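Remarks on the overall topology
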Amino acid sequence: EQPIFSTRAHVFQIDPNTKKNWVPTSKHAVTVSYFYDSTRNVYRIISLDGSKAIINSTITPNMTFTKTSQKFGQWADSRANTVYGLGFSSEHHLSKFAEKFQEFKEAARIAKEKSHEKMELTSTPSQESAGGDIQSPLTPESINGTDDERAMPEVTQNSEPRAEPTQNALPFTHSSTISKHWEAELATLKGNNAKLTAALLESTANVKQWKQQLAAYQEEAERLHKRVTELECVSSQANAVHTHKTELNQTIQELETTLKKKEEEIEGLKQEIENARELQAQRDSLTQKLQEVEIRNKDLEGQLSDLEQRLEKSQNEQEAFRNNLKTLLEILDGKIFELTELRDNLAKLIECS
């Protein structure tokens with residue numbers, strides 16, 4: 001047998017008890033190779049972990065290689081009564097392995113058909129004359145792969161190499177939105193405060209004016225009462241005094257009605273003044289909250305800047321670590337291929353000797 005294609009992958013086998021979970025058979029990535037046996041015309045997948053063969057699977061036409069993710073593939077081997085799984089470092093390596101599997105599976109199918117044709121040609125005439133169909137003998141190749149049509153077990157999270165964690169962007173616009181909201185609220189409160197202050201000054205001026213008018217009305221009423229008394233004392237002008245008294249009483253009633261209205265307006269203005277004071281207290285409270293939010297916003301901006309610096313530092317360290325790993329993998333691949341060439345040369349020297 002000679003290796004015709006080699007790659008590196010993490011090897012897994014299905015748990016024989018649960019038939020669902022994967023069990024790793026190699027602690028690290030190992031070499032997985034396709035071999036061709038020219039004497040038996042057979043293709044096999046072989047992988048060694050040290051001196052232990054962790055994969056020894058003969059490819060049959062009934063086998064199917066299934067890609068279960070971007071970096072993981074599996075196939076069932078009924079002859080070994082197990083399911084093999086391979087975790088690759090990239091999607092390209094998985095696709096290449098799958099292409100080779102399909103190619104060698106087709107070659108195994110053609111070889112099996114040729115072997116059946118040879119068996120039919122070499123069958124004896126006596127067997128043909130005995131009647132009935134000639135049964136081809138059961139070979140390991142015909143038995144292998146009969147269970148491939150069973151449902152493939154689900155691949156757990158441990159079967160695939162972990163992906164790089166994505167870097168989530170930190171929310172930065174939240175604090176600026178809160179700041180803009182409070183600035184708009186403060187501007188509205190300032191406008192309302194200015195309107196209420198103007199209304200308060202106007203109401204105060206009106207109250208003073210109404211108090212002066214009320215005092216003037218009271219003085220006028222007292223003067224009119226005195227005048228009525230003087231007129232009543234004059235008996236010769238009784239009718240005129242009575243008429244004038246009636247008019248004065250009406251005027252007094254009108255003045256009292258006007259006074260009540262003014263008193264009601266004063267009470268309303270007092271209520272507005274109380275409301276204005278409450279709004280002033282609310283404005284002061286909101287102003288204090290706005291100051292606290294601005295201080296917290298500054299703290300959050302400082303924390304955000306610190307986190308961005310840490311994130312950038314972490315990304316730089318991860319990038320350097322990836323570059324080192326890539327360099328190390330390239331060196332290891334080179335060494336492995338050199339060892340493979342050395343092994344082939346030694347094998348040729350042994351054959352020549």
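Before reading on, note that the structure itself is shown above.
What comes next is a walk through the structure. Just so it is clear, the structure is predicted and the values come from calculations on it, not from any experiment.

Re the overall build of the protein chain
Counting secondary structure elements, the protein chain contains five helices and eight strands. Written out in order from the N terminus, the α and β elements of the protein chain read β-β-β-β-β-β-β-β-α-α-α-α-α. Looking at the protein chain residue by residue over its 353 residues, the buried ones come to 23%. Pairs at least 24 residues apart make up 60% of the contacts formed inside the protein chain by residues separated by at least 6 positions. Roughly 25200 Å² of accessible area belongs to the protein chain as shown, and the carbon and sulfur atoms make up 52% of that amount.

Considering the nonpolar core
Counting residues in each nonpolar core, the largest one holds 23 residues, and the members touching the most others are Tyr-34, Ile-45, Ile-55, Trp-75, Leu-86 and Phe-97. Where this core is concerned, the elements lending two or more residues are strand S1 (2–14), strand S3 (30–37), strand S4 (42–49), strand S5 (52–58), strand S8 (82–87) and helix H1 (91–121). In terms of residues, this core owes the most to one element, H1, which gives six residues. Each residue touching Ile-55, except ones within four places of it in the same chain, is listed here: Val-11, Ile-45, Ile-46, Ser-47, Trp-75, Tyr-84 and Leu-86. In this structure, Trp-22, Phe-72, Ala-76 and Val-83 belong to the second largest nonpolar core, which totals six residues.

Overview of a negative patch on the surface
Together, Glu-263, Glu-264, Glu-265 and Glu-267 line one region of the surface with negative charge. Note on Glu-263: relative accessible area 42%, which makes it partly exposed.

Let's talk about the pairing of strand S7 (residues 72–77)
In terms of burial, S7 is largely enclosed, as six of its six residues are buried. The side-chain alternation of S7 yields two buried faces, one formed by Phe-72, Gln-74 and Ala-76 and the other by Gly-73, Trp-75 and Asp-77. Here two bridges tie strand S6 (residues 66–67) to S7, and the two strands are oriented antiparallel to one another. Bridging across to S7, Lys-67 finds its partner in Gly-73. If you look at the hairpin formed by S6 and S7, you'll find four residues sitting between the two strands. Pairing of S7 with S8, which is carried by six bridges, proceeds in the antiparallel orientation. Counted as the bridge partner of Trp-75 is Tyr-84 from S8.

What about empty space enclosed by the protein?
Taken as a whole, this structure holds three cavities of 30 Å³ or more when the rule is applied. The calculated volume of the largest cavity comes to roughly 40 Å³. Secondary structure elements with two or more residues in the lining of the largest cavity: helix H4 (173–233) and helix H5 (238–352). Sort the elements by how many residues they give to the lining of the largest cavity and H4 lands first, with four residues. A per-class count over the lining of the largest cavity returns four nonpolar, two polar and one charged.

Details of unusual backbone geometry
Despite not being glycine, Lys-19 has its phi angle at roughly 60°, a positive value. Relative to the elements of secondary structure, Lys-19 occurs in the loop between S1 and strand S2 (22–24). What makes Lys-19 partly exposed here is its relative accessible area of 39%. Not every positive phi belongs to a glycine, and Asn-41 is a case in point at roughly 55°. Summarising the element assignment, Asn-41 is placed in the loop between S3 and S4. Of the residues examined, Asn-41 reaches a relative accessible area of 31% and is grouped as partly exposed.

Cut-offs used in this document
Residues numbered from 1 in each chain as written. Predicted model: local features only at pLDDT ≥ 70, side-chain atom pairs only at ≥ 80, totals over all residues. Heavy atoms only, no water. Helix = DSSP H or I, 4+ residues; strand = E, 2+ residues; numbered from the N terminus. Buried < 20%, exposed > 50% of the residue type's maximum accessible area, 1.4 Å probe, protein only. Contact = heavy atoms within 4.5 Å. Areas by Shrake-Rupley, 256 points an atom, 1.4 Å probe, with all protein chains shown as cover. Core = buried A, V, L, I, M, F, W, Y, C linked by side-chain atoms within 4.5 Å. Patch = residues over 30% accessible without salt bridge, like charges linked within 9 Å, V, L, I, M, F, W, Y side chains within 5 Å. Salt bridge = Lys/Arg side-chain N within 4 Å of Asp/Glu carboxyl O. Lys, Arg positive; Asp, Glu negative; His and termini not counted. Charge placed at Lys NZ, Arg CZ, Asp CG, Glu CD. Pairing = 2+ DSSP bridges. 1 Å grid on protein atoms, 1.4 Å probe; cavity = no way out; pocket = protein on both sides within 12 Å on 5 of 7 lines; lining within 4 Å. Points joined across faces, edges and corners; volume = space filled by probe spheres on them. Nonpolar A, V, L, I, M, F, W, Y, C, P; charged D, E, K, R; others polar.

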